[in-house]
There are 2 protein chains.
Amino acid sequence: VQLDQHAFLIDCGEGTQFQIRQFQLKTHKLQHIFISHLHGDHYFGLFGLLGSMSLQGRDLPLHLYAPPGLDEVLASTFRATQIAPDFPIYFHPLTSEKEQLILDHPALTVTAFPLSHRVPCFGFRFDEKPRLRKLLADLLPEDFPFELRKQLRNGQDVEWEGRAYPFAQFTAPPPPPRSYAYCTDTVYLPQTAQFAKGVDLLYHEATFMEANADKAPLTGHSTAKQAAQVALEAGAKSLILGHFSVRYPDLAPLLQEAQSIFPATFLAEEGKNFEIAVT
Amino acid sequence: VQLDQHAFLIDCGEGTQFQIRQFQLKTHKLQHIFISHLHGDHYFGLFGLLGSMSLQGRDLPLHLYAPPGLDEVLASTFRATQIAPDFPIYFHPLTSEKEQLILDHPALTVTAFPLSHRVPCFGFRFDEKPRLRKLLADLLPEDFPFELRKQLRNGQDVEWEGRAYPFAQFTAPPPPPRSYAYCTDTVYLPQTAQFAKGVDLLYHEATFMEANADKAPLTGHSTAKQAAQVALEAGAKSLILGHFSVRYPDLAPLLQEAQSIFPATFLAEEGKNFEIAVT
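Figured I'd write up the structure that's included with this text. Residue numbering note: each chain is counted from 1, following its sequence as written. Here every chain gets a letter starting at A, and every ligand a number starting at 1, in the order they are written. Residue-level local features of this predicted model are given only where pLDDT is at least 70; pairs of side-chain atoms are given and counted only at 80 or more, and the full residue set underlies all totals for whole chains, interfaces and linings. Water and hydrogen atoms were dropped before computing side-chain values, which therefore reflect all heavy atoms in the structure.

### Here we look at the sheet that holds strand 16 (residues 265-267) of chain A
Residue and element names in this part refer to chain A.
Thinking step 1. Any two strands with at least two DSSP bridges between them are considered paired. Under the scheme used here, helices are H or I runs from DSSP no shorter than 4 residues and strands are E runs no shorter than 2 residues, and both carry numbers assigned from the N terminus. Across the sheet, seven strands lie side by side as 6-7-8-13-14-15-16; this open sheet has mixed pairing. In this open sheet, the two edge strands, each paired with only one partner strand, are strand 6 (100-104) and strand 16. For this sheet the average axis-to-axis angle between neighbouring strands, irrespective of direction, equals 20°.
Thinking step 2. Taken together, the five bridges between strand 14 (residues 201-205) and strand 15 (residues 238-242) define a ladder with parallel strand orientation. Bridging from a neighbouring strand, L202 pairs with L239 of strand 15.
Thinking step 3. Residues count as neighbours in contact if any of their non-hydrogen atoms are within 4.5 Å of one another. For helices, the fitted axis covers only the stretch in contact; all axes are lines through C-alpha atoms, and the angles between them, taken along N-to-C directions, range from 0 to 180 degrees. The strands touched by helix 10 (residues 252-259) within the sheet are strand 15 and strand 16, with strand 16 carrying the most contacts at an inclination of about 165°.

Structure representation (structure tokens):
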């Protein structure tokens, strides 16, 4: 997840550091990593990523949010390796059975919420903080001071050279804050729609198709139809499907299954970016 | 290392399971994995490889040869993941300060020998077992029994239909057994040439060039020239250089540096196979 100059990583499967390099992302911008659950395909890339960050001389702290146990795994690995990363790592264990604010960042908040898989597992919701109001610059004198412009954008009425400038007249409301929710791995849960209420973009796993729906609860996964159902109930604007079973070499039928219920559905494909436009 | 239908893996950096898939190797043939030392670039791919083997329903046992500590790391990781591989894993800790036979396999033997790096580190030598003698089939009657042919190849004189068939007359000596030694990561050590004496193929790390030779002992690595020196002293037939520092975007100068001392030198390149011909 990228917001302005900030980067956030959700899950870190094997090879993540190579993908980060391939897609030319900057790891020094990355200060928060969220791990949904401790199955290998969601965290086995963390050892190498942290090791490489350390080799690259990182000194910025890194915050890790994950179910309990990851701290021990990392400690035991770095003990064996005899090279512990020499930047601070703050481990934030996820344990709450309810929705919980886990990061209050200048640009956004991150909330964790419980999913239901074979091991403790969490979804994450990113909510952009409100931006400043839009300045209607054409209505202002050209030499109107920068500091006062900022006050107007902050929603304050100001005075300049004996004249009143009410913010409501010289600014428009800010663009609505954007939001994203990430739900994997999980069976279909009715309450997920509440946690993801009104998000611009929802990522929801779709391991199976309805034809294999009997396998979903046994393995702790969802179908494409169920993912679409969550998006519909949440009132999401768009849906990304991912975490497909290897039994489906062609993903078009999964996409169609979801789109029949929720048309604005897309497939998570390697290297694909989804942008939520500022409106 | 592949010998007939047998496969052996030396070191397992992050992404090894993807490379195995890309190069269409079969993991069920893999029953022995050798880890030189516990730095991440030599074993962080093991978690994912073992996890995937388990998901694929493997039940064949797997033997792991590595410095002590890897067993704990794996146990702690699989405890967190709550999915331990459900095939037997036998851990063989490498501790000897001398050359040590660690695997006596029907097709070959594997010997570990100490290297010198920043953590305990081992090289491995593979020696093919002698093959059967070559049958000079043209000299035999067409209906000469299979069982007796095998006895001749085993070096036994046989009799058939009242006639003597001395093995020396009806077979030629077997091809010389092939051998391979793998040495990484390590500073230059004079004794490495003894451990790799006469091998057909030697892999030796060449992290640096001589121009940066001052960095080699500090970091526990060798130069291309030193790798060539080992090959020369060992009387190896060919040398593969690998483990290059990222400071060398062009590897041609490293190759030239080694070839000036040991001409039959090659670069370890991703996906490249080196075949030792049966002579």
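That shown, we press on.
### Notes on the packing of aromatic side chains
Thinking step 1. Aromatic rings from Phe, Tyr and Trp, with only the six-membered ring used for Trp, were paired whenever their centres fell within 6.5 Å, and each pair was classed as stacked if the ring planes differed by under 30 degrees, edge-to-face if by over 60, and tilted otherwise. With the rule as written, the count across this model stands at 29 aromatic pairs over all chains.
Thinking step 2. Note on F34(B) and Y65(B): the rings are 4.6 Å apart at their centroids and 15° apart in plane angle, and the pair reads as stacked. Pair noted here: F34(B) is in strand 3 (residues 30-34) and Y65(B) is in strand 4 (residues 62-66), with a separation of 31 residues, a long-range link. Each member of the pair, F34(B) as well as Y65(B), carries the same accessibility label: buried.
Thinking step 3. Put simply, the rings of F8(A), F34(A), Y65(A), F124(A), F126(A) and Y180(A) touch in pairs and so form one group of aromatic residues. To sort residues, take the accessible area from a 1.4 Å probe on protein chains only and compare it with the maximum for the residue type: under 20% means buried, over 50% means exposed, and anything in between is partly exposed.

### Here's the deal with the interface of chain B and chain A
Thinking step 1. Contact residues are listed per partner, giving 27 residues for chain B and 27 residues for chain A.
Thinking step 2. For the pair chain B and chain A, the two sides together bury roughly 1800 Å², of which 58% comes from carbon and sulfur.
Thinking step 3. Ranking the residues of chain B by area buried against chain A places E14(B), F44(B) and T81(B) at the top, with a combined share of 32%.
Thinking step 4. Counting of polar contacts relies on pairs of N or O atoms within 3.5 Å, with two restrictions inside protein: one atom must be capable of donating a hydrogen and the other of accepting it, and residues adjacent in sequence are counted only when both atoms are side-chain atoms. One can count eleven residue pairs in polar contact (both at pLDDT 80 or more) joining chain B with chain A.
Thinking step 5. Among the secondary structure elements, those contributing two or more residues to the side of chain B that touches chain A are helix 1 (16-22), helix 2 (46-55) and helix 3 (70-81) of chain B.
Thinking step 6. With seven residues, the single largest contributor to the side of chain B that touches chain A is helix 3 of chain B. Accessible area that two parts lose when put together, evaluated with a 1.4 Å probe and summed over both, is termed the buried area.

### Observations concerning helix 3 (residues 46-55) of chain A
All names here are of chain A.
Thinking step 1. Across the ten residues of helix 3, eight count as buried, placing the element largely inside the fold.
Thinking step 2. Looking at helix 3, one finds that the buried residues are L46, F47, G48, L49, L50, S52, M53 and S54.
Thinking step 3. In the stretch just after helix 3, G57 is the one whose phi turns positive, near 80°.

### Some points on the relation of the copies chain B and chain A
Thinking step 1. Only residues with pLDDT of at least 70 in both copies count here: their C-alpha atoms drive the least-squares fit that superposes the copies. Turning chain B through 180° and shifting it by 0.1 Å along the axis lays it on chain A, with an RMSD of 0.1 Å. Look at the turn and shift together and you get a two-fold axis relating the two. Closest approach to the rotation axis among the C-alpha atoms of chain B is made by G15(B), whose C-alpha sits 2.8 Å away.
Thinking step 2. Looking at the interface residues of chain B, 100% of them are also at the interface in chain A, so both copies use one shared face.

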